[in-house]
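Letter by letter, the chains look like this.
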Amino acid sequence: MTHFCSQLKSVFCVPEKVNNFPPLPKFIPLKPCFYQNFADEIPIDYQFLVKRIYHVWIFYCITLAVNLIACLAWWIGGGSGTNFGLAILWLILFSPCGYVCWFRPAYKAFRSDSSFNFMAFFFIFGAQFLLTVLQLIGFSGWGACGWLAAITFFRTSVAAAVFMLFPAIMFTMSAVAMLICLVRVHKIYRGGGGSFQKAQEEWNSGAWRNPPSREAQYSNFSGNSLPEYPTVPNYPSGNQWP
């Protein structure tokens, strides 16, 4: 019986998952913090959308890096060095925080159909979208080379202003992509019967801390236990029937 139970566990239990993100070189004495596998954890109907959100995060990080270079050109061309300092801060702050604060909630929401993570994604990603809109506008002193900053700086330095146009375009593309993803996720969530009340129920029950994945239903065997079946009746032998 023990051998049979171990065979069932090997068939039905999900193998232990090792964190694989971010992928770090072996010489760095740090280990990845998250497990990420779209094909393994995300339902096939939503894999494209979750990957799209992931690509939006990558593109936004690249935009922040380009914005840093443009703010340096802005400073060299006669602008304020405050913008360059803030651009460094935005790159260091928003690159990891974007992954943890709005991509991971979206990933976990589709992985386990978690209303709480959907709500976390809507609020945080919505705030990120509004911030990106402010960045594409480009107010002076905000550390973002948006349209306003780039166009007005043409009177001071044409070369620096041309550099500043690149992050302005990229911030605009990021904002459009974020809006599209936000609308599509909201449509899927509302279409599936999701609501703020369900998110509150998850919060009150504590299920939001570690929501079970969709695979959990296939890994319910533990120890030497087996599902209980009705006892097989003991029929009398052929010569004992009345």
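All figures in this text were calculated on a predicted structure; none of them were measured in a lab. Numbering of residues begins from 1 in every chain and follows the order in which that chain's sequence is written. The predicted origin of the model limits local features to residues at a pLDDT of at least 70 and limits the giving and counting of side-chain atom pairs to 80 or more, whereas totals for whole chains, interfaces and linings rest on all residues. Computation of side-chain values: all heavy atoms of the structure, hydrogens and water removed.

Engineer: Would you mind going over the overall build of the protein with me for this structure?
Structural biologist: Secondary structure follows DSSP: runs of H or I at least 4 residues long count as helices, runs of E at least 2 residues long count as strands, and numbering of each begins at the N terminus. Secondary structure assignment for the protein yields 8 helices and 0 strands. Note on exposure labels: buried denotes an accessible area under 20% of the residue type's maximum, exposed denotes more than 50%, and partly exposed covers the range between, all computed with a 1.4 Å probe on protein chains only. The buried share of the protein, taken over its 242 residues, is 37%. Taking contacts inside the protein between residues at least 6 apart in sequence as the whole, the part at least 24 apart equals 68%. Total accessible area on the protein is roughly 14700 Å²; 67% of this is exposed by carbon and sulfur atoms. Any two residues whose heavy atoms approach within 4.5 Å at even a single point are treated as in contact. The Shrake-Rupley method, run with a 1.4 Å probe, gives the accessible areas here. Residue values count only the displayed protein chains as cover.

Engineer: Looking at this structure, how should I read the environment of Ile 88?
Structural biologist: In this fold, Ile 88 is placed in helix α4 (residues 81-112). Take Ile 88: its relative accessible area is 31%, and that puts it in the partly exposed class. On a C-alpha basis, the gap between Ile 88 and Ile 69 in space is 9.6 Å, while along the polypeptide they are 19 residues apart.

Engineer: What is the right way to read the pattern of salt bridges from this model?
Structural biologist: Any two side chains of opposite charge can pair, so long as their charged atoms come close to each other. The salt bridge definition used is simple: a Lys or Arg side-chain nitrogen within 4 Å of an Asp or Glu carboxyl oxygen. Applying the stated rule across the entire model yields 3 salt bridges. Of the charged contacts in the structure, one is a salt bridge between Asp 40 and Lys 17, with a shortest N-O distance of 3.7 Å. Of this pair, Asp 40 sits in helix α2 (residues 38-41) while Lys 17 sits in the loop between α1 (2-12) and α2, and the two are 23 residues apart along the sequence. In this structure Asp 40 comes out as partly exposed when scored by relative accessible area, which is 31%.

Engineer: Whenever I open this one, the packing of aromatic side chains confuses me. Can you help?
Structural biologist: Each pair of aromatic rings is reported with the distance of its centres and the angle of its planes. Note on ring pairs: Phe, Tyr and Trp rings are taken, using the six-membered ring of Trp, and paired if centres are within 6.5 Å. Classes follow the plane angle, with under 30 degrees stacked, over 60 edge-to-face and the rest tilted. Counting across every chain of the model gives 24 aromatic pairs. On the numbers, 4.8 Å between centres and 15 degrees between planes, the contact of Phe 121 with Phe 125 is stacked. Here the residue Phe 121 and the residue Phe 125 both occupy positions in helix α5 (residues 115-137), the gap between them amounting to 4 residues, near one helical turn. Residue Phe 121 is classed as buried on the basis of its relative accessible area of 0%.

Engineer: So what exactly am I meant to see when it comes to the nonpolar core here?
Structural biologist: Nonpolar side chains tend toward joint burial in soluble globular proteins. With 36 residues, the main nonpolar core has Ile 53, Trp 102, Phe 103, Phe 121, Phe 122 and Val 185 as its most contacted residues. Looking at this core, the elements with two or more residues in it are α3 (47-76), α4, α5 and α7 (158-191). Put simply, a nonpolar core is a bunch of buried Ala, Val, Leu, Ile, Met, Phe, Trp, Tyr and Cys residues held in one set by side-chain atoms that sit within 4.5 Å of each other.

Engineer: It is not clear to me how the environment of Asn 37 should be interpreted in this structure. Could you clarify?
Structural biologist: Its place among the elements puts Asn 37 in the loop between α1 and α2. Separated by 18 residues in sequence, Asn 37 and Asn 19 have C-alpha atoms that sit 9.9 Å apart. Apart from the residues lying within four places of it in its own chain, the contact partners of Asn 37 are Ile 42 and Tyr 107. The definition of a polar contact used here is a pair of N or O atoms within 3.5 Å, where within protein one atom must be able to donate a hydrogen and the other to accept one, and adjacent residues in sequence count solely through side-chain atom pairs. At 3.2 Å, the side chain of Asn 37 and the backbone nitrogen of Ala 39 are in polar contact.

Engineer: Got a minute to help me understand α5 in this structure?
Structural biologist: Along an α-helix, residues three or four apart share an orientation, since each turn contains 3.6 residues. Taking 1.5 Å per residue as the helical rise, α5 with its 23 residues ought to reach 33 Å, and the 33 Å between its terminal C-alpha atoms agrees with that figure. Just downstream of α5 lies Gly 138, where phi reads positive at about 85 degrees. Here, expected helix span is obtained from the residue count minus one, scaled by 1.5 Å.

Engineer: Sorry, what's going on with unusual backbone geometry here?
Structural biologist: Negative phi characterises most residues that are not glycine, and trans characterises most peptide bonds. The linkage connecting Phe 21 with the following residue, Pro 22, adopts the cis geometry, with an omega of -5 degrees. Mapped onto the secondary structure, Pro 22 falls in the loop between α1 and α2.

Engineer: Hey, could you run me through the packing of α3 against α7 in this one?
Structural biologist: Relative placement of two packed helices is described by the angle separating their axes and the distance separating the axes. Orientation is described by axes fitted as lines to C-alpha atoms, over the contacting stretch for helices, and by angles from 0 to 180 degrees between their N-to-C directions. As a packed pair, α3 and α7 sit with axes 9 Å apart at the nearest point and diverge in direction by 160 degrees. Relative to α7, the element α3 lies roughly antiparallel. Note that α3 runs across α7; the crossing there is left-handed. Taken together, the residues of the contact of α3 with α7 sort by class into 24 nonpolar, 3 polar and 2 charged. Roughly parallel here means an angle under 35 degrees, roughly antiparallel means over 145, roughly perpendicular means 65 to 115, and every remaining angle is called oblique. Crossing handedness is defined as follows: a turn of the near helix away from the far one that is anticlockwise and smaller than a right angle gives a left-handed crossing, while the clockwise case is right-handed. Each residue gets one of three labels, nonpolar for Ala, Val, Leu, Ile, Met, Phe, Trp, Tyr, Cys and Pro, charged for Asp, Glu, Lys and Arg, and polar for the others, Gly among them.

Engineer: Looking at this structure, I do not really get a nonpolar patch on the surface. What am I missing?
Structural biologist: Every patch collects residues that have over 30% relative accessible area and no salt bridge, joining them within 9 Å if they carry like charges and within 5 Å if they are nonpolar side chains (Val, Leu, Ile, Met, Phe, Trp, Tyr). A surface patch of nonpolar side chains, amounting to about 720 Å² of accessible area, comprises Trp 147, Ile 151, Phe 154, Val 158, Val 162, Phe 166, Ile 169 and Met 173. With 5 residues, α7 is the largest single contributor of residues to the nonpolar patch. Structurally, Phe 166 can be placed in helix α7.

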